[in-house]
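Observations on the model geometry
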Amino acid sequence: MENSQKRFPENFLWGGATAANQLEGAYNQGGKGLSIMDVVPGGKKRLGIIKDPDFDFKIHSDKYTYPNHDGIDFYHTYKEDIALFAEMGFKCYRLSIAWSRIFPQGDEAEPNEEGLKFYDNVFDECLKYGIEPVVTISHYEMPLNLAVKYGGWKNRKLIEFFEKYADTVLERYYKKVKYWMTFNEINSAFFIPLFSQGFVNKDPKAGKQDVYQGLHHQFTASSLAVKKAHELDKNLRVGCMIIYGTSYSYDCNPANQWANLEESRMFNNFCADVQVRGKYPSYINKVFKRENIKLDIKAGDLELIREYPADYIGFSYYMSAVRAADPESMEKTNGNLLSAIKNPFLKASDWGWEIDPTGLKIALNELYDRYQVPLFIVENGLGAHDVLDDKNEINDEYRIQYMRDHIDAMAEAVESGVDLMGYTSWGCIDLVSASTGEMSKRYGFIYVDIDDEGKGTKKRYPKKSFHWYKKVIETNGEEV
Ligand code: BG6
C-alpha cells in the first residue's frame, strides 16, 4: 500500500535564525546604547574572561578584539540578506531585537525612534517576500547600564524596564509580527548568567541565589509580555525559549540513572515547567532547601505566572549530554555552554559538540509528552570551518548531511504525533559565534567573507547547502 502521509504539516514554518548582537554590527550607530555583549571580547577564551569575578564590563581595545561590534554589518545589508533568504524560500525568519537600540540605557522614559524604525524596515522587508518574522525580545543582550547600575535580572526593577521595552515593541509591531519569544535560552543562566541575566558570579553561593532570583523576575516579566500580547491580539503567540540537551545516563547503574534524572530535570525542564505549566514544580523545594535558596516572591507574581503561561516552547537543539553520579574521572567533550561526559557512540563537530539526530527525536517526544503544547525548533545546525574554493564555492556536504539527519528525526517525531510548528536553523547566514566570538565557526547557508579579525570583503556567497535547503523548503521536507 502506498503511503501518502506527508512528513510535515502544510503550514510548516521553515526558515533560519539569527540574533541582533551576532550579526547587526553598527553597535554605536542609530542611537544604540552599549549592550552587555558589546563589552564581551572575541576569541576562544571569552567565556573564561567573562566568568572572572574581576570582569569590569568595559571595552579594552588595546587587549582584545570585539567582533560583535561590526558583526556582518546586517544593519546596512539587511535588504540584500533578506533577499537571499527569500531566494531560499524561507517561510519565516527568526531574529532578535537589540534592547539597547530601543532603550539605549534601559531606564529612560522614551524609546529611541531610530531604533524602532530600523526594525519596522526589517519586518517590512521580510513581509514583502511573505516571510513571517519570528522575534526574540531578548537574545543574550540587555543595555549595559542595566547590568552595571542595577546588577541585571537579580534586581526586581528589571521587570519594570523589561515590561516597558516589551510593551513598546509589542505595541509597535504586533500587526507585523505574530510569533514572539521572550528570553533566548533562559536556562543558560545556570551556566552563563552574564549573557542572559547580566551579572557575573562573585561568590558561587550568592551566585545561585542570584540566578534563581533573576529567573523568578524573568518568569514574571515573561508572563507580563504574554498578557500584553494577548490583550493586543489574542492570535499572537508568545513562546518561552530553552536549550534542550537530551540527557542519557552513563549506564544502567541506578545511581547514574538517578543523577541523570535530577540534573536533566533541572537543566532541561525547570524553566519550561514554570513557564508552560504555570507553577514552580514540587521537586524544586528540595533543591532550594539543599542550596539554601530563599526566593523573594511578591504578591501577584505566582498568579501572573499561572494565568499567562507560554503559548509554545521554542528550543535550541545541538547535542545530547551524558550524565553520571561521579563524572569527575570520566572523559569530557565540549558542548553548547557546557562540557559533558564523552559519548562513545557519537561523532563530534570540529568544536567537540556531539552530533546526535536521534537525540532530537527523543527531545521532541519528551517535550511533547510532558507539556502537550506546540513545539518550535528555533535553533539547530553545524558550526564548521568552511573553505571558499578557487571558484568561490563552498561544498558543505557535511552540513547538508547533519541537517538531513536532523530533519528526518523531526519527521519521525511528527509521525509519532508531536505538534511541531517549524524549524529555523541557526545562523542561516554566517555570523559571530556566541561562545567563542569567532567568525570561523560558521553555520550559514550563506558564506560571509569576514575573518576572525574582522577583515574581508563582506561579500556573500551561497554555499552548496543554500541550494539544498531551497529544495527542502520547496518540497516541504519531502526531499532532503
Ligand atoms: C545558542 C545561542 O546557544 O547557540 C546562539 O542561542 C549561539 O546565540 C548558538 O550562537 C551557537 O553557539 P555558538 O557558540 O557556536 O555560536
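Residues numbered from 1 in each chain as written. Predicted model: local features only at pLDDT ≥ 70, side-chain atom pairs only at ≥ 80, totals over all residues. Heavy atoms only, no water.

Here the focus is the environment of Leu 158. With respect to the helices and strands, the residue Leu 158 is situated in helix α7 (residues 157-173). According to the relative accessible area criterion, Leu 158 is buried, its value standing at 0%. Apart from residues no more than four positions distant in its own chain, Leu 158 is found in contact with Trp 99, Met 142, Leu 146, Tyr 150, Gly 152 and Trp 153. (Helix = DSSP H or I, 4+ residues; strand = E, 2+ residues; numbered from the N terminus. Buried < 20%, exposed > 50% of the residue type's maximum accessible area, 1.4 Å probe, protein only. Contact = heavy atoms within 4.5 Å.)

As a further point, take the sheet that holds strand β2 (residues 92-96). An order of β1-β2-β3-β4-β5-β7-β11-β12 is seen for the eight strands of this closed barrel, with the pairing classed as parallel. With strand direction ignored, the average angle separating the axes of adjacent strands in the sheet is 25 degrees. Its contacts with the sheet place helix α10 (residues 254-277) against β4 (179-183), β5 (237-243) and β7 (312-316), and it is angled at close to 160 degrees to β5. On the sheet, helix α14 (residues 397-415) packs against β1 (13-17), β11 (375-379) and β12 (420-426) and is oriented at approximately 170 degrees with respect to β12. (Pairing = 2+ DSSP bridges. Axes fitted to C-alpha atoms, helices over the stretch in contact; angles between N-to-C directions.)

Even without being a glycine, Tyr 140 presents a positive backbone phi close to 50 degrees. With respect to the helices and strands, the residue Tyr 140 is situated in the loop between β3 (132-138) and α6 (144-148). With a phi close to 55 degrees, Gln 372 is a non-glycine residue in the positive phi region. With respect to the secondary-structure elements, Gln 372 resides in the loop between α13 (357-371) and β11. A relative accessible area of 52% places Gln 372 in the exposed class.

Summarising the element assignment, Asp 356 is placed in the loop between β10 (340-341) and α13. Within the structure, Asp 356 has its side chain in polar contact with the side chain of Tyr 248 (distance 2.7 Å). Within the local environment of Asp 356, its side chain forms a polar contact with the side chain of Ser 320, the two groups lying 2.7 Å apart. When sequence neighbours within four positions are dropped, the list of residues in contact with Asp 356 reads Tyr 248, Tyr 317, Ser 320, Leu 346 and His 406. (Polar contact = N/O pair within 3.5 Å; in protein donor to acceptor, adjacent residues only side chain to side chain.)

Taken N-terminus to C-terminus, the directions of α14 and helix α15 (residues 464-474) make an angle of 25 degrees; their axes are 9 Å apart at the nearest point. When the interaxial angle is binned, α14 and α15 end up roughly parallel. As α14 packs across α15, the resulting crossing turns out to be right-handed. Seen from α14, the contacting residues are Glu 397, Arg 399, Ile 400, Met 403, Arg 404 and Ile 407; seen from α15, they are Lys 464, Ser 465, Trp 468, Tyr 469 and Val 472. (Parallel < 35°, antiparallel > 145°, perpendicular 65-115°, else oblique. Left-handed = near helix turned anticlockwise from the far one by under 90°.)

As a further point, take the nonpolar core. A general tendency of soluble globular proteins is for nonpolar side chains to be buried together. By size, the foremost hydrophobic cluster in this structure holds 142 residues, and its most contacted members are Trp 180, Phe 270, Ile 313, Phe 315, Met 410 and Tyr 469. Look past the residues within four positions of Trp 180 in its chain and what remains in contact with it is Ile 97, Val 135, Ile 137, Val 169, Leu 170, Tyr 173, Leu 236, Arg 237, Val 238, Gly 239 and Tyr 312. If you look at the next biggest cluster of nonpolar residues, it comprises ten residues, including Val 134, Tyr 179, Met 181 and Met 241. (Core = buried A, V, L, I, M, F, W, Y, C linked by side-chain atoms within 4.5 Å.)

Moving on to the state of the cysteines. Overall, the coordinates contain zero disulfides when judged by the stated rule. Left unpaired, Cys 126 is separated from the closest cysteine sulfur, that of Cys 92, by 9.7 Å. What makes Cys 126 buried here is its relative accessible area of 0%. (Disulfide = S-S within 2.5 Å.)

The full count for this structure, using the stated rule, is 38 aromatic pairs. Their ring planes at 90 degrees and their centres at 5.6 Å tell us that Tyr 78 and Phe 118 sit as a pair that is edge-to-face. A residue pair is termed long-range when its members are at least 10 positions apart, and Tyr 78 in helix α3 (residues 74-88) and Phe 118 in helix α5 (residues 113-128) qualify at 40 residues. For Tyr 78, a relative accessible area of 10% translates into the label buried. For Phe 118, a relative accessible area of 5% translates into the label buried. Centre to centre, the rings of Phe 85 and Tyr 93 are 4.9 Å apart; their planes meet at 55 degrees, and the pair counts as tilted. Take Phe 85 and Tyr 93: they sit in the same class, and that class is buried. Stacked on the ring of Phe 118, the Lys or Arg Arg 101 has its end atom at 5.6 Å from the ring centre. For Lys 441, the ring lying beneath its charged end belongs to Trp 353, and the centroid distance is 3.8 Å. (Phe/Tyr/Trp six-rings, centres within 6.5 Å; stacked < 30°, edge-to-face > 60°. Lys NZ or Arg CZ within 6 Å of the ring centre and 35° of its normal.)

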